[in-house]
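Secondary and tertiary structure notes
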Amino acid sequence: MSAAASAETSSGLIDDYRDVVTSSDGVDELVTLEGVREASEPLADQVGGAGLTALLAARAAARRFVADDGITYGASITPDEDAAAEGRQIPTEPREWELDPLPLTFGAGEWSTLEQGVRQRAALLDAVLTDLTGEQRLVRDGVVPGAAVYGHDGWLPQADGIQVPGPRQLVMPAMDLARDRNGTWRVFADRTQAPSGAGYAMANRRIIARVLPDLHRQVDLARLRGFFFQVQKALVAAAPQTDDVPRVVILTPGALSAAAFDEALQSTVLGVPVVESEDLVSRDGRIWMRTTSGLTPVDVIMRRVEGDAIDQLDLRGDSRLGLPGLVEAARLGNVSVVNPISSGVLENPALIPYLPQICRQVLGEDLLLASTQTWWAGDPTHLSHIVTQLGSLVVKPASRSGATNSIFGWQLSAQERDDLAMRIQAEPWRWTAQDPLTMSTAPVVTAGGLEPRHVVLRTFAVADEEDYAVMPGGLGRVSVRADSGEISRASPAR
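Now for a look at the structure at hand. (Residues numbered from 1 in each chain as written. Predicted model: local features only at pLDDT ≥ 70, side-chain atom pairs only at ≥ 80, totals over all residues. Heavy atoms only, no water.)

Side note on the side chain of S277
- Relative to the helices and strands, S277 resides in the loop between β6 (274-275) and β7 (280-283).
- Take S277: its relative accessible area is 8%, and that puts it in the buried class.
- If near-sequence neighbours (up to four positions away) are discounted, S277 is found in contact with L251, R320, L321, G322 and L323. (Helix = DSSP H or I, 4+ residues; strand = E, 2+ residues; numbered from the N terminus. Buried < 20%, exposed > 50% of the residue type's maximum accessible area, 1.4 Å probe, protein only. Contact = heavy atoms within 4.5 Å.)

Quick notes on helix α2 (residues 41-69)
- Taking 1.5 Å per residue as the helical rise, α2 with its 29 residues ought to reach 42 Å, whereas the 30 Å between its terminal C-alpha atoms falls clearly short.
- Along its length, α2 shows its largest kink, about 105°, at G51.
- G70, located one to two residues past α2, shows a positive phi value of around 65°. (Expected span 1.5 Å × (residues − 1). Bend = angle between axes of the 7 residues up to and from the residue.)

Quick word on the sheet that holds strand β11 (residues 336-338)
- Overall, parallel pairing links the four strands, which are arranged β6-β5-β10-β11 in an open sheet. Two strands lie at the open edges of the sheet, namely β6 and β11, each paired on one side alone.
- As paired elements, strand β5 (residues 248-251) and strand β10 (residues 300-303) share four bridges and run parallel to each other. Looking across to β10, one finds that I250 is bridged to M302.
- Against the sheet, helix α10 (residues 260-270) contacts β5, β6 and β10, and its axis sits at roughly 175° relative to β5. (Pairing = 2+ DSSP bridges. Axes fitted to C-alpha atoms, helices over the stretch in contact; angles between N-to-C directions.)

Quick look at the environment of K233
- Position of K233 relative to the elements: it lies in helix α9 (residues 225-237).
- Expressed as a C-alpha distance, the spacing of K233 and V462, which sit 229 residues apart in the sequence, is 9.6 Å.

Description of the environment of L295
- For L295, the location among the structural elements is in strand β9 (residues 294-297).
- Once the C-alpha coordinates of L295 and V281 are considered, the two residues, 14 residues apart in sequence, prove to be 8.3 Å apart.
- Sequence-distant contacts of L295, that is, excluding residues within four places in its chain, are made with V281, R283, W288, M289 and R290.

Quick notes on the side chain of H152
- Among the structural elements, H152 can be located in the loop between α6 (146-150) and β3 (174-179).
- Setting aside residues up to four positions removed in sequence, H152 forms contacts with G344, V345, E347, N348, A398 and S399.

A closer look at the pattern of salt bridges
- Scanning all chains against the criterion turns up 20 salt bridges.
- Among the salt bridges present, the one from D176 reaches R477, with a minimum N-O distance of 3.5 Å. With a gap of 301 residues between them, D176 in strand β3 and R477 in strand β19 (residues 475-478) connect regions that are remote in the sequence.
- Salt bridges sharing partners connect three or more residues here, namely D176, R191, R458 and R477. (Salt bridge = Lys/Arg side-chain N within 4 Å of Asp/Glu carboxyl O.)

Topic: the packing of α2 against helix α7 (residues 198-211)
- Running from N to C, α2 and α7 point in directions that differ by 135°, and their axes come no closer than 10 Å. With respect to α7, the axis of α2 lies oblique. Where α2 crosses over α7, the handedness of that crossing is right-handed. Side by side, α2 and α7 meet where A58, A61, A62, F65, V66 and D69 of the first sit next to I207, R210 and V211 of the second.
- Here the residues of the contact of α2 with α7 are counted per class, giving seven nonpolar, no polar and two charged. (Parallel < 35°, antiparallel > 145°, perpendicular 65-115°, else oblique. Left-handed = near helix turned anticlockwise from the far one by under 90°. Nonpolar A, V, L, I, M, F, W, Y, C, P; charged D, E, K, R; others polar.)

Here's the deal with the packing of aromatic side chains
- Using the criterion set out here, one finds nine aromatic pairs in the structure.
- Ring centres of W97 and Y200 lie 4.1 Å apart, and the angle between their planes is 10°; on these two criteria the pair is classed as stacked. With a gap of 103 residues between them, W97 in the loop between β2 (90-96) and α4 (108-132) and Y200 in helix α7 connect regions that are remote in the sequence.
- By relative accessible area, Y200 is classed as buried at 1%.
- An aromatic cluster is defined as three or more aromatic residues linked by ring pairs; in this entry it consists of Y73, W97, Y200 and F261.
- Note that R210 overlies the ring of F65, its terminal NZ or CZ placed 3.8 Å from the centroid.
- Over the face of the ring belonging to W288 we find R286, whose NZ or CZ atom lies 5.7 Å from the ring centre. (Phe/Tyr/Trp six-rings, centres within 6.5 Å; stacked < 30°, edge-to-face > 60°. Lys NZ or Arg CZ within 6 Å of the ring centre and 35° of its normal.)

Thoughts on the nonpolar core
- V144, V211, F228, L235 and I358 are the most contacted members of the largest nonpolar core, which has 104 residues in total.
- Look past the residues within four positions of V144 in its chain and what remains in contact with it is L138, V139, V149, L351, Y354 and I358.
- Counting residues in hydrophobic clusters, the runner-up holds 23 residues, among them L156, L315, L326 and V327. (Core = buried A, V, L, I, M, F, W, Y, C linked by side-chain atoms within 4.5 Å.)

Given below as structure tokens:
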């Protein structure tokens, strides 16, 4: 093929892609009706200059680096009758991490605005958690209905009143965002228990810098090392008073951990060990780690275990992942758990309708990052809206611990909608509903060219003295198929 023909084919990749995405609803992260997004021009130049053959080679190289680095996600669960009878799960081999070579790009101005919104939301969630685990004035003053809080599975009265030292209770929150059809970034989920993905974001960045070195040199790529340095500082700041250097550990579910690589990489970057509950001992109101030289005191536990499973004595007695006595040690102030044991209550979608008012009342500011429009069925007005508009809403249980996933009202038959309405009306405090969110798309490399996939951005924040520091960029995830808006934690990353 001649050089002219190659250039024509390369530039045609962008043109063909634009023809596809501009004929559909919503917005795209690479192109617009007028051309290429300004922030994505370096990426478009790279794509146009490389051509499909080179992009497929970059995709293959990314897969090799993923395999060489042992980057995996998820431990698939194989049903086992005997194990199920005993309440156990049998993990199988984890899946290889999927990484597309085309990164999600942001201009400095757009990212600055988004970063400001993430910092504000982190501060807001911290204020809500501090109140709900302390004076509970938001409930007593009627700003938030008590049933919206106390009916959520993340509300753990056993951990009520436990405070973490330092300027913030919520040390490391994350948020899942998507850009709606009008181009506005919206939060559709807050991740406040044990958000994973920061390690994957660093691993992705390293690999993309290797497979697209020209792009890496061309753009002013933000580094992530400073974010992890701030995580180290925040963990030390959360430690109880001690005369020694605080000892921090990462508590993992072990073989059942879906994000084992993420935990291992953060362990390396932060310089702290990964432990399972069997590696720890509760004694005399303190937590100790078993080592070859005996027991060593633990000051901070960065948990990757759900809050209700962290202590079989005070919380779920059937948990195999927790440590009996951990809640009591935390209550005595002898160990800090990050994020706090009760922070799961913030993942409650029933709180979303009240966040704008809380923000104005607590922070004296308007909420910068809007959420997806949400209704909580425990409010009679909201309940009426949900029941009458059921066919156009996404219905979700307020608590994620149940077996029911999101229900798309337009996919139900008339009888199924009636049955669901009866379930909601029987226990309204357990249900929420949201408007469907048309997510933006971003290109992925396929054998047939560039293909649009719906994209979600997970942003990460960490307490920074009186404010929060935000990871530059975060972790982008795309849908598995072009015709699907479903994005799971195992979906391809970028």
